[in-house]
Amino acid sequence: MSTATTNKHSFNEIAQHFSPAWFAAVMGTAVIPLAISFIPAGIVRPVAGAFTVIAAAMFLVMLPPWLWRFIRFPAAVRNDLNHPVAANFFPTMPISLIILALDLLRYPDLFFAPSVSQQIALWLWLIGATAIFGMGFVILERIYRHAGIKLSHANFGWYIPPVSKLLIPVAGLELAHIFPAQADWVFGLCMAGLGVGFFLFLFVGAAVYHRYIFEELPMSRFAATFFIGIAPPAILAVDLAKLLQLFEHMPLLGISLQAFAPLAKLGILMTWGFAAWWFVMALLVVSHYIRQQNLPYALSWWAFTFPSGALGVASGVAWRTSGFAFLQAVYYGVVLFLLVVWGLVLLRTLRGVISGQVFAPAH
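Analysis parameters
Numbering of residues starts from 1 in each chain and follows the order in which that chain's sequence is written. With pLDDT at 70 or above as the cut-off, local features in this predicted model cover only qualifying residues; side-chain atom pairs require 80 or more to be listed or tallied, and sums for whole chains, interfaces and linings still use all residues. The basis for every side-chain value is the complete set of heavy atoms in the structure, and neither hydrogens nor water enter the calculation. A run of H or I in DSSP counts as a helix once it spans at least four residues, and a run of E counts as a strand once it spans at least two, with each numbered from the N terminus. Our radius of gyration looks at C-alpha atoms and nothing else; its globule reference is 2.2 Å times the residue count to the power 0.38. Two residues form a contact once any of their heavy atoms are found within 4.5 Å. All accessible areas in this document rest on Shrake-Rupley with a 1.4 Å probe, and a residue is counted as covered only by the protein chains that are shown. In summary, the charge assignment counts Lys and Arg as positive and Asp and Glu as negative, without counting His or the chain termini. The location of each charge is read from NZ of Lys, CZ of Arg, CG of Asp or CD of Glu. For each residue, the accessible area found with a 1.4 Å probe, counting protein chains only, is set against the maximum for its type, and the residue is called buried under 20%, exposed over 50%, and partly exposed in between. Remark: nonpolar core denotes a set of buried residues (Ala, Val, Leu, Ile, Met, Phe, Trp, Tyr, Cys) joined through side-chain atoms within 4.5 Å. Lines fitted to C-alpha atoms define the axes, with helix axes restricted to the stretch in contact, and inter-axis angles between N-to-C directions lie between 0 and 180 degrees. Rotating anticlockwise by less than a right angle from the far helix to the near helix defines a left-handed crossing, while the corresponding clockwise rotation defines a right-handed one. Here the nonpolar group is Ala, Val, Leu, Ile, Met, Phe, Trp, Tyr, Cys and Pro; Asp, Glu, Lys and Arg are the charged ones; every other residue, Gly included, is treated as polar. The term salt bridge refers to a side-chain nitrogen of Lys or Arg lying within 4 Å of a carboxyl oxygen of Asp or Glu. Think of a polar contact as two N or O atoms within 3.5 Å of one another; within protein, one of them needs to be a possible hydrogen donor and the other a possible acceptor, and neighboring residues in sequence only count if both atoms come from side chains. Paired rings are identified among Phe, Tyr and Trp, the last through its six-membered ring, by centres lying within 6.5 Å, and are further divided according to the angle between planes into stacked (under 30 degrees), edge-to-face (over 60) and tilted (the rest). The method works on a 1 Å grid over the protein atoms by themselves. A cavity is a set of points holding a 1.4 Å probe that cannot get out, a pocket is an open set with protein on both sides within 12 Å along at least five of seven lines, and residues with an atom within 4 Å of a point line them. Grid points are joined across faces, edges and corners, and a volume is the space filled by probe spheres set on the points. Patch membership requires more than 30% relative accessible area and the absence of a salt bridge. Residues of like charge join within 9 Å; the nonpolar side chains Val, Leu, Ile, Met, Phe, Trp and Tyr join within 5 Å.

Is there a simple way to explain the overall build of the chain in this structure?
Scanning the chain from N- to C-terminus turns up 13 helices and zero strands. Going residue by residue from the N terminus, the α and β elements of the chain occur as α-α-α-α-α-α-α-α-α-α-α-α-α. In summary, the chain has a C-alpha radius of gyration of 20 Å against a globular reference of 21 Å for 363 residues, a match within 12%. Principal axes of the C-alpha set define a box for the chain whose edges measure 65 × 45 × 45 Å. The long-range fraction of contacts in the chain, counting pairs at least 24 apart against all pairs at least 6 apart in sequence, stands at 84%. When the accessible surface of the chain is summed, it comes to about 16,100 Å², and 70% of that surface belongs to carbon and sulfur atoms. Each charge sign in the chain was given a centre, from 18 positive and 11 negative side chains, and these centres are 8 Å apart.

Is there a simple way to think about the side chain of Asn88 in this case?
Residue placement: Asn88 occurs in the loop between helix H5 (74-81) and helix H6 (92-106). When residues no more than four places from it in sequence are discounted, the contact partners of Asn88 are Ile139, Ile143, Gly157, Trp158, Ile160 and Pro161.

Mind showing me how you'd approach unusual backbone geometry here?
Backbone geometry follows two general trends: most residues other than glycine have a negative phi, and most peptide bonds adopt the trans configuration. Backbone geometry places Leu253, a non-glycine residue, at a positive phi of 60 degrees. Considering the arrangement of structural elements, one finds Leu253 in the loop between helix H10 (231-249) and helix H11 (257-292). Overall, Leu253 belongs to the exposed group, its relative accessible area being 70%.

What's the story with the nonpolar core in this structure? I'm lost.
Soluble, globular proteins show a tendency: their nonpolar side chains are buried together. The biggest cluster of nonpolar side chains holds 131 residues, and the ones touching the most others in it are Trp125, Ile235, Trp302 and Phe306. With 13 residues, the single largest contributor to this core is H11. Those residues in contact with Trp125, other than ones at most four positions away along the chain, are Ile98, Ala101, Ile168, Ala171, Gly172, Leu175, Trp185, Val186, Leu189 and Cys190.

Would you explain the packing of H11 against helix H12 (residues 305-322) in this entry?
A pair of packed helices is captured by two measures, namely the crossing angle of their axes and the spacing between those axes. Look at H11 against H12: their axes get within 9 Å of each other, and the N-to-C directions meet at 145 degrees. Taken as a pair, H11 and H12 cross one another with a handedness that is left-handed. Taking contact as the criterion, the partners of Lys265, Ile268, Leu269, Trp272, Ala275, Ala276 and Phe279 in H11 are, on H12, Ser308, Leu311, Ala314, Ser315, Val317, Ala318, Thr321 and Ser322. Here the contact of H11 with H12 is composed, by residue class, of 10 nonpolar, four polar and one charged.

I keep staring at the pattern of salt bridges and nothing clicks. Help me out?
Pairs can form between side chains of opposite charge whenever their charged atoms are close. Considering all chains together, one arrives at four salt bridges under this definition. In this structure, the salt-bridge partner of Glu141 is Arg145, at a minimum N-O distance of 2.7 Å. For Arg145, a relative accessible area of 54% puts it in the exposed group. In this structure, Glu174 and Lys242 form a salt bridge, with 2.7 Å as the shortest nitrogen-oxygen distance. Here Glu174, found in helix H8 (residues 160-178), pairs with Lys242, found in helix H10; they are 68 residues apart in sequence, far enough to count as distant. Side by side, Glu174 and Lys242 carry an identical accessibility label, which is buried.

Quick question: what am I supposed to make of the side chain of Arg142 here?
Structurally, Arg142 can be placed in helix H7 (residues 114-144). Separated by 2.6 Å, the side chains of Arg142 and Asn82 make a polar contact. Residues contacting Arg142, with those up to four places away along its chain left out, are Arg78, Leu81 and Asn82.

Any chance you could explain the packing of aromatic side chains here in plain terms?
Each aromatic ring pair is characterised by the separation of its centres together with the angle its planes make. Counted by the stated rule, this structure contains 35 aromatic pairs. Geometrically, the ring pair formed by Phe111 and Phe112 is tilted, given 6.4 Å between the ring centres and 55 degrees between the ring planes. Look at Phe112 and you get partly exposed, because its relative accessible area is 40%. For the ring pair Phe274 and Trp278, a centre distance of 6.1 Å and an interplane angle of 75 degrees mean the geometry is edge-to-face.

What should I look at first to understand empty space enclosed by the protein in this one?
Remark: the empty space left among the atoms is shown by a probe the size of a water molecule rolled over them. Evaluated as defined, the whole model comprises one cavity of 30 Å³ or more. There is about 140 Å³ of room inside the largest cavity. Of all elements in the fold, only helix H3 (24-35), H6, H8 and H12 reach the threshold of two or more residues within the lining of the largest cavity. Across the lining of the largest cavity, the residue classes break down as 12 nonpolar, one polar and no charged.

What am I meant to see in a nonpolar patch on the surface here?
Together, Val53, Phe111, Phe112, Val116 and Ile120 make up a nonpolar patch on the protein surface, roughly 390 Å² of accessible area in all. Positionally, Val53 belongs in helix H4 (residues 44-72).

These values are about where atoms sit, not about what they do.
Rendered as structure tokens:
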């Protein structure tokens, strides 16, 4: 009997074991149009359009089993929500909506009229932001009353809820300028997301950093999650850039652009620096796994992509903000890394889909 026949799964079987981490593939794909947008070349727009279509197609393919799992297999969903690692990946779905909204904002006339793209982006952002806050409460409340969480469970996948909050202002601050009649509540929601995401990043980061120092490294299938540590400081750099852009066009809270701009530019370089430093650390840690252990394919490999894309965007922002030539070189290097690793992870994922490996129960 062939492997393909042996490992064929029905829709119900796929839905029952459908990992909440699947939408990390959408995140890692949808971030590419944003990461390459700083390249001054005519080919960027069609390439960005292709990746946006691929990301949207991924989202639409993944949404039915994700939703059906809530309806048909609520016990499996509860099992993931009670898991100290898997629960943190639920926000990848609404995060995907916000990144797709950012693609429409960055290339507003690529698929639709600009006004249509902006309206779609507003709704994607609103649904995504609402789901991010809602899921955050559900996940954190369960973690607080979970009696079985140990220090050894901590990994950088715990960063996903803070990352989800930090992403809300990236699109929201741009939407506040586009829709001035909605600016007050959009800006307020953005600042709430920034505050919650920033402080959770500090709190969660301290706990996870403690684990990596005083415990052994996690099993090899969690190696890629070390890259997730790149995302929070990289997104903070982009948040600061979006605040700069907003204050250039719309004075809010009496904040002077002249006073804010120098501090924001310093903050962009500082947060970019931490993200770049963590990128090197992540490469060193993954190299250790490759040398000392094995690095078998797992769905967590998609964690290589979105954080690298976030660093690519932050590097482009830091380069454009400062004008430093060395940042241009770093930006191109990170984008090249992103495209190569995305291709490799996609190929391994497709192999896993064909073999049925990725549809097996994760825990």
